[in-house]
Amino acid sequence: MRIAQVAPLYESVPPLLYGGTERVVSHLVEELVRQGNDVTLFASGDSTTSATLVPACRRALRLDSNCQDSLALHMVMLDEVFRRKNDFDMIHFHVDYLHFPISSRLRVPNITTLHGRLDLPELAAVYRQFPDMPVVSISDAQRQPLPNANWLATVYHGVPAKLLSLQPEPGDYLAFLGRISPEKGVDRAIEVAKRVEMPLRIAAKVDKVDKEYFEAEIKPLLDHPLIEYIGEISESEKQDFLGGACALLFLIDWPEPFGLAMIEAMACGTPVIAFRRGSVPEIVAQGITGFIVHNDREAADAVGKIRNISRAGCRNAFEQRFTASRMAADYVDVYNTVQSGDAPLLSIRLQ
């Protein structure tokens, strides 16, 4: 199948450091190529891929200090995609709704995976305006604010099975991986670590929009002997960071659409302690791959029980549900259904 994958331009594919959507796109592209598909990737020019790369800008926009208007470059990329539309059997968008005004008017098979939160009030108007655009969710929970969108399937993210490996024996620290912002709960993770008197290692980036929050609310909390702030880490550093942890703390305060860090931890055999928000109940199996809790006290209690969780069981759950090969196979099923004209019948979860 000739497939176009259209990625955001904020990070390279895969990202050099932090990055969720672009990392998932990379995993999907590489697996589709491995399975014998002809894949073209529209992304930043510093991306690394075995697909045919069509660069829309020289480098990832987050790392380009000269970029003042990221929307302009995305519009140029989308125009190039549609100029080449006859070269593809399927166009798979990962850029939210930017392309809807064009793709809704052209007869070209396409789907859009929505990677972000959907509870923003303005989005309701977008999906009322474009009710027929075929969209894929990354968790069932993500769909809740927009139940009437044209949902084709829920396809959970996946990570290459060989990218991370089981580390049978845990270390003596807790881990936080992601970005520092109010909704990600790093302050709660710090509080839990201090409660249980266990070291916490924080591998996270700080976006410009969250710089003030970091300086005012989080930085003062880092001056504690149990807390170690590492900053952003690369893909190659995740094995040691996650694999050596006793548990990943995922104490979010927002409707997380998926949470890639959870399955990356499970791939290393590391269980997850998470608040019951967003996708968490779909990802974490209670008592098998971690504990779903409701407050700091329950999270601290879960740390005390974490060694009862089988690390081999966490890895097995990852292999059963969250590999890149499973993700790619699910998307190929969606592509085939869209091409056959049966898309409205596919409003089910694929996993």
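Residues numbered from 1 in each chain as written. Predicted model: local features only at pLDDT ≥ 70, side-chain atom pairs only at ≥ 80, totals over all residues. Heavy atoms only, no water.

Trainee: Looking at this structure, how should I read the overall build of the protein chain?
Mentor: Within the protein chain, the regular secondary structure consists of twelve helices and 14 strands. In terms of C-alpha radius of gyration, the protein chain reaches 20 Å, essentially the compact-globule figure of 20 Å for 351 residues. Projected onto the principal axes, the alpha-carbon positions of the protein chain cover approximately 60 × 40 × 40 Å. Classification of the 351 residues of the protein chain by burial places 55% in the buried group. Charge-centre separation for the protein chain: the mean point of 36 positive side chains lies 2 Å from the mean point of 45 negative side chains. (Helix = DSSP H or I, 4+ residues; strand = E, 2+ residues; numbered from the N terminus. Rg over C-alpha atoms; globule rule 2.2 N^0.38 Å. Buried < 20%, exposed > 50% of the residue type's maximum accessible area, 1.4 Å probe, protein only. Lys, Arg positive; Asp, Glu negative; His and termini not counted. Charge placed at Lys NZ, Arg CZ, Asp CG, Glu CD.)

Trainee: Looking at this model, I keep getting lost on the packing of aromatic side chains. Mind explaining?
Mentor: In this description, an aromatic ring pair is defined by two values, namely the gap between the centres and the angle between the planes. For the coordinates displayed, the defined rule picks out ten aromatic pairs. Seen from their ring centres, tyrosine 173 and phenylalanine 241 are 6.5 Å apart, and the 40° between their planes marks the pair as tilted. A residue pair is termed long-range when its members are at least 10 positions apart, and tyrosine 173 in strand E8 (residues 173-179) and phenylalanine 241 in helix H7 (residues 238-243) qualify at 68 residues. No difference in accessibility class separates tyrosine 173 from phenylalanine 241, as the two residues are buried. Each ring, one from phenylalanine 214 and one from tyrosine 229, has its centre 5.6 Å from the other, and the planes form 40°; the classification is tilted. Here the residue phenylalanine 214 occupies a position in helix H6 (residues 211-218), and tyrosine 229 occupies one in strand E10 (residues 227-229), the gap between them amounting to 15 residues. By way of ring pairs, the aromatic residues Phe100, Tyr127 and Phe130 are connected into one cluster. Stacked on the ring of tyrosine 173, the Lys or Arg arginine 201 has its end atom at 3.9 Å from the ring centre. Lying across the ring of phenylalanine 291, lysine 305 places its NZ or CZ 5.0 Å from the centre. (Phe/Tyr/Trp six-rings, centres within 6.5 Å; stacked < 30°, edge-to-face > 60°. Lys NZ or Arg CZ within 6 Å of the ring centre and 35° of its normal.)

Trainee: Explain the sheet that holds strand E12 (residues 272-275) here, please?
Mentor: Note on sheets: strands pair through backbone hydrogen bonds, and any given pair is parallel or antiparallel. Pairing is parallel across the open sheet formed by six strands, whose spatial order is E10-E9-E8-E11-E12-E13. Because the sheet does not close on itself, it has two edges, and the strands there are E10 and strand E13 (290-293). Ignoring which end each strand starts from, the neighbouring axes of this sheet average 20° apart. Inspection of the sheet shows E12 paired to E13 by four bridges, in the parallel sense. Each bridged residue has a counterpart across the sheet, and for isoleucine 273 the counterpart in E13 is phenylalanine 291. Of the strands in this sheet, E8, strand E9 (200-205), E10, strand E11 (245-250) and E12 are in contact with helix H5 (residues 186-196), which crosses E9 at around 170°. (Pairing = 2+ DSSP bridges. Axes fitted to C-alpha atoms, helices over the stretch in contact; angles between N-to-C directions. Contact = heavy atoms within 4.5 Å.)

Keep in mind these numbers describe shape, not what the thing actually does.
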